[in-house]
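# An overview of the molecular structure
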Amino acid sequence: MKQFIKTVAGVAIGVALATTGVVSSAYAEGEKYILVSHAPDSDSWWNTIKNGIALAGEQMGVEVEYRNPPTGDLADMARIIEQAAASNPNGIITTLADYDVLSGPIRDAVDQGINVIIMNSGTPEQARDVGALMFVGQPEYDAGFAAGLRAKGDGIGSFVCVNHVISNTVVAERCRGFADGLGIDLGDSMMDSGQDPAEIKNRVMAYLSANPETEAVLTLGPTGADPTILALEEMGLSGEIYFGTFDLGTEIVKGIKSGVIQWGIDQQPFLQAYLPVVILTNYDRYGVLPGNNINSGPGFVTKDALAKVEEFAGEYR
């Protein structure tokens, strides 16, 4: 087990040094798989995705590559998918952050005879519609609904959802599900925070100042959570206002440990990258394929179960 962890850590270091390009090229004569994400270079949460694809490539003996639009521009991502398909890989693993923008290039890749798996963003229905083999990820509405039920059980009746990826309509389902779980209308409870940390902090503070009756804050990942932690600290609300978040990261884990954040929802991004490489490799080699989509989350992470999560937060969790 110790040797396995050392191997994993070595892969992680190599991946962290590269934001695009070949992640594992030791098996350039074998199968090749390209993962295309919508994430900008600035979003460190995706390091876990990079670690997952690298380890899978190493273990399966295949070439893997990670590509993304540096600024998160979805039109740029569509072009990257087209370029990936033009290189004729054995398979493409991609997010489906915007169906209207990305479904065309994905269908074209499928029509070209390239196996595709949708991961992280999108829905099983959308994956089937574009001709993908399957979807590996978290059902976002269901995750938000489960979080809303949990918050309702804790006595919460109002909230603000800090959405740092407003263009990703599927991620917004987390906010809608949360509202439905609480049994209230979403209304104006979802804010477009942008992705600049200072701006997020200022917008959270402005919202809470203008709406002092707000009982809870919901963030959708470290990009929104980390500045929100600072905003609550500056306003003297740390540990006073109910705070839940999606996804994990170093500061989120610290917040859960200290009691500032009640829970984090782990969608296990490592599996979202790792499993598609394993599945595509076995499908290409042996013709075997799981018979259904794979839910990688949601799972609630609370203060009571942090040991393993804390050890690998930002790397594999």
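Residues numbered from 1 in each chain as written. Predicted model: local features only at pLDDT ≥ 70, side-chain atom pairs only at ≥ 80, totals over all residues. Heavy atoms only, no water.

### A closer look at the pattern of salt bridges
Rule in force here: Note on definitions: salt bridges are taken to be side-chain nitrogens of Lys or Arg within 4 Å of carboxyl oxygens of Asp or Glu. Going along the chain from the N terminus, every DSSP run of H or I of four or more residues is numbered as a helix, and every run of E of two or more is numbered as a strand. Residue burial is assigned from relative accessible area. The probe radius is 1.4 Å, only protein chains are included, and a residue is buried under 20% of its type maximum, exposed over 50%, and partly exposed in between.
In this structure the tally under the stated criterion is 15 salt bridges. The residue K201 makes a salt bridge to E234 at a minimum N-O spacing of 2.7 Å. Here K201 is found in helix α8 (residues 197–210), whereas its partner E234 is found in helix α9 (residues 222–235), with 33 residues between them in sequence. For K201, a relative accessible area of 22% gives the class partly exposed. It is possible to trace a salt-bridge network through shared partners that takes in K32, E65 and R67.

### Looking at the side chain of N168
Definition in use: Counting of polar contacts relies on pairs of N or O atoms within 3.5 Å, with two restrictions inside protein: one atom must be capable of donating a hydrogen and the other of accepting it, and residues adjacent in sequence are counted only when both atoms are side-chain atoms. Any two residues having at least one pair of non-hydrogen atoms within 4.5 Å are treated as being in contact.
Mapped onto the elements of the fold, N168 is located in the loop between β7 (160–163) and α7 (172–182). A polar contact is formed between the side chain of N168 and the side chain of S121, at a distance of 3.4 Å. With near-sequence residues (within four places) excluded, N168 lies in contact with H38, A97 and S121.

### Quick word on the environment of Q268
Locating Q268 in the fold gives a position in the loop between β11 (263–266) and α11 (269–286). For Q268, a relative accessible area of 30% corresponds to the partly exposed category. Spatially, the C-alpha atom of Q268 lies 20 Å from that of R150, the residues being 118 residues apart in sequence.

### A short note on the packing of aromatic side chains
The condition that has to hold: Each Phe, Tyr or Trp ring, with Trp reduced to its six-membered ring, pairs with another whose centre is within 6.5 Å; inter-plane angles below 30 degrees give stacked pairs, above 60 give edge-to-face pairs, and intermediate values give tilted ones. By definition here, charges over rings are those cases where NZ of Lys or CZ of Arg is within 6 Å of the ring centre and within 35 degrees of the ring normal.
Enumeration over the complete set of coordinates arrives at 8 aromatic pairs. Ring centres of Y141 and F145 lie 6.1 Å apart, and the angle between their planes is 20°; on these two criteria the pair is classed as stacked. Of this pair, Y141 and F145 both sit in helix α6 (residues 140–153), 4 residues apart, which is roughly one turn of that helix. Connected via pairs of aromatic rings, a cluster forms that spans F270, Y274, F312 and Y316. One cation-aromatic arrangement involves R150 over F300; the distance from NZ or CZ to the ring centre is 4.6 Å.

### Focus: the packing of α6 against α7
Applied cut-off: Think of each axis as a best-fit line through the C-alpha atoms, taken over the contacting stretch in the case of a helix, with angles from 0 to 180 degrees between the N-to-C directions. For a crossing to be left-handed, the near helix must be turned anticlockwise from the far one by less than a right angle; the clockwise case is right-handed.
Two elements in contact, α6 and α7, have axes separated by 6 Å at closest approach and are oriented at 35°. In the crossing of α6 with α7, the sense of the turn from one axis to the other is right-handed. Contacts between α6 and α7 involve E140, Y141, G144, F145, A147, G148, L149, A151 and K152 on the former and, on the latter, E173, R174, R176, G177, F178, D180, G181 and L182.

### With respect to the pairing of β11
Defined as follows: Note on pairing: two strands pair once DSSP finds at least 2 bridges between them. For the handedness criterion, the strands are oriented away from the viewer, and a crossover whose path from the first strand over the helix to the second runs clockwise is classed as right-handed.
What you see with β11 is no split at all: W263 and I265 on one side and G264 and D266 on the other are buried throughout. Looking at chain direction, strand β10 (residues 242–246) and β11 are connected through 3 bridges and run parallel. Within β11, the residue paired with G244 across the bridge is W263. Chirality of the crossover, the property in question, places the unit of β10, helix α10 (residues 250–258) and β11 among those that are right-handed. As defined by bridge partners, β11 adjoins strand β13 (residues 299–301) across 3 bridges and the pair is classed as antiparallel. Looking across to β13, one finds that D266 is bridged to G299.

### Structural notes on the environment of T94
The residue T94 is located in strand β4 (residues 91–94) in this model. For the pair T94 and D226, spaced 132 residues apart in sequence, the C-alpha to C-alpha distance is 26 Å. With sequence-adjacent residues up to four places away left out, T94 is seen in contact with V36, M77, I81, I106, V116, I117, I118 and M119.

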